[in-house]
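Fold and contact review
Now for the letters of each chain:
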There are 2 protein chains.
Amino acid sequence: MDEGRRAARRQVLQVAAKLLEEGGSEAVSTRAVAAAAGITAPALYRMFDDKDGLLAELAAYGFEMYLAEKREALALTPDDPVADLYRGWDLHVDFGVQHPAFYMLMYGTVRPGRRPPAADEAHALLVRLLGRAADAGRLRVPVEQATRVILAATTGATLALIGEGPSERDLTASARLRDTVIASVTTDPPASPGSDLASRALALDAALETALTAGSPAADAGVPLRATETALLREWLQRLAG
Amino acid sequence: MDEGRRAARRQVLQVAAKLLEEGGSEAVSTRAVAAAAGITAPALYRMFDDKDGLLAELAAYGFEMYLAEKREALALTPDDPVADLYRGWDLHVDFGVQHPAFYMLMYGTVRPGRRPPAADEAHALLVRLLGRAADAGRLRVPVEQATRVILAATTGATLALIGEGPSERDLTASARLRDTVIASVTTDPPASPGSDLASRALALDAALETALTAGSPAADAGVPLRATETALLREWLQRLAG
DNA sequence: CTCGTCCATGGAACAACGATATCGCATTTT
DNA sequence: AAAATGCGATATCGTTGTTCCATGGACGAG
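Residues numbered from 1 in each chain as written. Chains lettered and ligands numbered in written order. Predicted model: local features only at pLDDT ≥ 70, side-chain atom pairs only at ≥ 80, totals over all residues. Heavy atoms only, no water.

**A look at the overall build of chain A**
- The number of helices and strands found in chain A is 11 helices and zero strands.
- When the helices and strands of chain A are placed in sequence order, the string is α-α-α-α-α-α-α-α-α-α-α.
- Looking at chain A residue by residue over its 242 residues, the buried ones come to 43%.
- Contacts in chain A between residues far apart in sequence, at least 24 positions, make up 67% of those at least 6 positions apart.
- Roughly 12300 Å² of accessible area belongs to chain A as shown, and the carbon and sulfur atoms make up 54% of that amount. (Helix = DSSP H or I, 4+ residues; strand = E, 2+ residues; numbered from the N terminus. Buried < 20%, exposed > 50% of the residue type's maximum accessible area, 1.4 Å probe, protein only. Contact = heavy atoms within 4.5 Å. Areas by Shrake-Rupley, 256 points an atom, 1.4 Å probe, with all protein chains shown as cover.)

**Details of the protein's contact with DNA strand C**
- Taken together, R31(A), T40(A), P42(A), R46(A), S29(B), T30(B), R31(B), P42(B), Y45(B), D50(B) and K51(B) make up the full set of residues adjacent to DNA strand C.
- Near-protein atoms of DNA strand C (within 4 Å) split between backbone and bases, with sugar and phosphate holding 49%.
- In the model, a phosphate oxygen of DNA strand C is placed 2.9 Å from a nitrogen or oxygen of the Y45(B) side chain.
- Separating a phosphate oxygen of DNA strand C from a side-chain N or O atom of K51(B) is a distance of 2.8 Å.
- Counted by class, the surface near DNA strand C contains three nonpolar, three polar and five charged residues. (Near = heavy atom within 4 Å. Polar contact = N/O pair within 3.5 Å; in protein donor to acceptor, adjacent residues only side chain to side chain. Nonpolar A, V, L, I, M, F, W, Y, C, P; charged D, E, K, R; others polar.)

**Observations concerning the protein's contact with DNA strand D**
- Near DNA strand D, the surroundings consist of 12 residues, among which T30(A), R31(A), Y45(A), K51(A) and T40(B) are the closest.
- Interatomic distance of 2.7 Å between a backbone N/O atom of T30(A) and a phosphate oxygen of DNA strand D.
- Side-chain polar atom of R46(B) to a phosphate oxygen of DNA strand D: 3.4 Å apart, as the coordinates give it.
- Breaking the surface near DNA strand D down by element, the ones donating at least two residues are α2 (30–37) and α3 (41–47) of chain A together with α3 (41–47) of chain B.
- For the surface near DNA strand D, the per-class residue count stands at three nonpolar, three polar and six charged.

**What to know about helix α7 (residues 119–135) of chain A**
All names here are of chain A.
- Taking 1.5 Å as the rise per residue, α7 with 17 residues should run 24 Å; its terminal C-alpha atoms sit 24 Å apart, in good agreement.
- For α7, the complete set of buried residues consists of A119, A122, L125, L126, L129, L130, G131 and A133.
- The secondary structure elements touched by the buried residues of α7 are α4 (51–74), α5 (81–98), α6 (100–108) and α8 (143–163).
- Phi turns positive one or two residues past the end of α7, at G137, with a value near 75°. (Expected span 1.5 Å × (residues − 1).)

**Considerations on the relation of the copies chain B and chain A**
- With an RMSD of 1.1 Å, chain B superimposes on chain A once it is rotated by 179° and translated 0.2 Å along the axis. A rotation of that kind, with that shift, is consistent with a two-fold axis. Across chain B, the rotation axis passes nearest the C-alpha of G156(B), at a separation of 1.5 Å.
- When the interface residues of chain B are mapped onto chain A, 100% of them again fall at the interface, so both copies present the same face. (Least-squares fit on C-alpha atoms with pLDDT ≥ 70 in both.)

**Notes on the interface of chain B and chain A**
- Counting from both sides, the interface comprises 50 residues of chain B and, opposite them, 50 residues of chain A.
- Both faces combined, the contact of chain B with chain A buries some 4600 Å², and carbon together with sulfur accounts for 70% of it.
- Considering only the surface of chain B that becomes buried against chain A, R148(B), R176(B) and W236(B) emerge as the three largest contributors, covering 14% of it.
- Where chain B packs against chain A, one counts six salt bridges.
- Notably, a salt bridge pairs R148(A) with E164(B), separated by 2.6 Å at the nearest N-O pair.
- Linking chain B with chain A are four residue pairs in polar contact (both at pLDDT 80 or more), by the criterion used here.
- Those elements that place two or more of their residues in the side of chain B that touches chain A are α6 (100–108), α8 (143–163), α9 (171–185), α10 (193–213) and α11 (227–241) of chain B.
- Broken down by element, the side of chain B that touches chain A gets its largest block of residues, 12 residues, from α8(B). (Buried area = accessible area lost by both parts, 1.4 Å probe. Salt bridge = Lys/Arg side-chain N within 4 Å of Asp/Glu carboxyl O.)

Spelled out as structure tokens, the structure:
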């Protein structure tokens with residue numbers, strides 16, 4: 001009857017999860033969990049060794065919920081690895097603001113020595129996402145480094161959002177940080193040569209314009225071309241941009 | 001004799017800080033602090049109302065240390081607001097990894113309702129730094145938003161570094177995130193027209209190169225210039241870059 | 001069917017914690 | 001000088017994490 005054991009554990013974890021979501025981490029005491037689960041304190045101590053053991057399994061339970069949500073939502077996108085990164089960020093932040101106590105338990109409790117082993121699954125999911133991006137040639141840094149950067153930024157943004165009350169919550173900062181960080185580790189989709197040429201030509205033309213009109217007369221001292229040459233150059237630039 | 005009160009408070013806070021740094025947050029119990037400070041529990045409860053009050057003032061004490069370090073180090077730079085942002089990031093992270101327990105108390109304890117009032121000083125310092133950058137025209141987003149973005153990214157990076165053991169600590173991720181985030185809210189320094197021209201000319205030349213060598217022969221279909229014209233254009237671009 | 005052994009169980013208890021009331025003493029006031 | 005007042009320390013309360021020990025039931029042997 002080992003199955004009964006696991007079912008009992010799961011039921012205890014469910015009631016502990018309910019206590020955590022409703023009353024925060026302070027509501028999760030061994031006595032409260034045991035009483036709410038209809039068992040006695042020593043029984044709970046036989047299931048999970050410590051309170052730390054209970055909290056560790058509770059965190060694992062949270063990661064299960066998190067991964068279930070995330071996998072379900074990510075399965076919809078067929079194959080755009082970078083778009084999956086954006087969706088992954090938003091799902092992570094959403095989970096954090098909708099389950100703040102769980103999120104604090106899962107990501108906010110950092111102890112210099114301890115690393116929650118349950119977090120490795122979520123870590124692996126992010127690594128897999130980034131691995132697919134790397135396989136598609138859309139990553140400009142190693143997967144390992146991209147993982148660290150994205151994870152740090154995501155948890156920072158989520159914890160900041162949790163810290164603000166639900167009223168003054170400003171999602172634009174999270175969105176900005178998301179766009180910036182993801183753009184910094186990924187590369188743009190292969191653009192058509194024409195548009196790339198066009199933008200660069202326009203930029204060079206604008207730079208020439210400012211260089212020529214900066215200091216009134218004889219301003220072309222910084223431009224190592226004759227006036228006729230720059231004129232023809234700018235005409236070609238216009239044609240490239242067109 | 002109100003001064004004696006404040007001196008006593010300060011001494012209690014100092015011994016509490018020592019307990020915190022040596023034994024982590026678990027070592028900071030009202031009894032331990034009172035015993036180590038040579039006072040009794042009720043005396044400690046008269047100085048600070050609650051344990052939360054003690055922890056709040058302890059966090060304020062930490063922010064004092066933090067701001068002292070930061071102001072001292074930042075005073076050295078005369079006036080390059082964006083460089084100050086980089087230094088501010090590194091100082092923040094350094095403080096976090098060197099005082100993990102204090103950092104967790106100051107930045108890691110986020111409760112949906114409570115905001116530590118002592119953090120406002122550090123927040124104000126960052127706002128001041130960003131305000132100077134904005135005055136210098138180096139900010140491309142409002143100060144408020146830049147503050148949120150930088151603070152979230154910094155705390156995320158620092159908490160991640162604290163979470164890793166002191167052995168496998170990887171500072172490159174923090175540096176990469178720092179460069180990315182700061183670059184995303186600031187604008188490049190007004191470059192001299194010459195160097196600006198040079199970089200843009202080089203970029204356009206590279207784009208031309210890829211456009212020409214992309215698809216084997218007759219690749220100049222996307223370049224609306226004759227072969228001789230592109231040759232002369234590229235020569236001028238080289239001269240601009242030189 | 002009865003008995004004995006083994007083991008999970010749960011009530012009770014221990015230690016430490018946050019927090020407070022009661023008592024004694026010193027100082028001040030009339 | 002006697003009463004009043006304010007302060008600090010001892011003792012205490014309720015709660016938490018954790019464990020001990022007696023109890024009771026399950027299960028195999030005779």
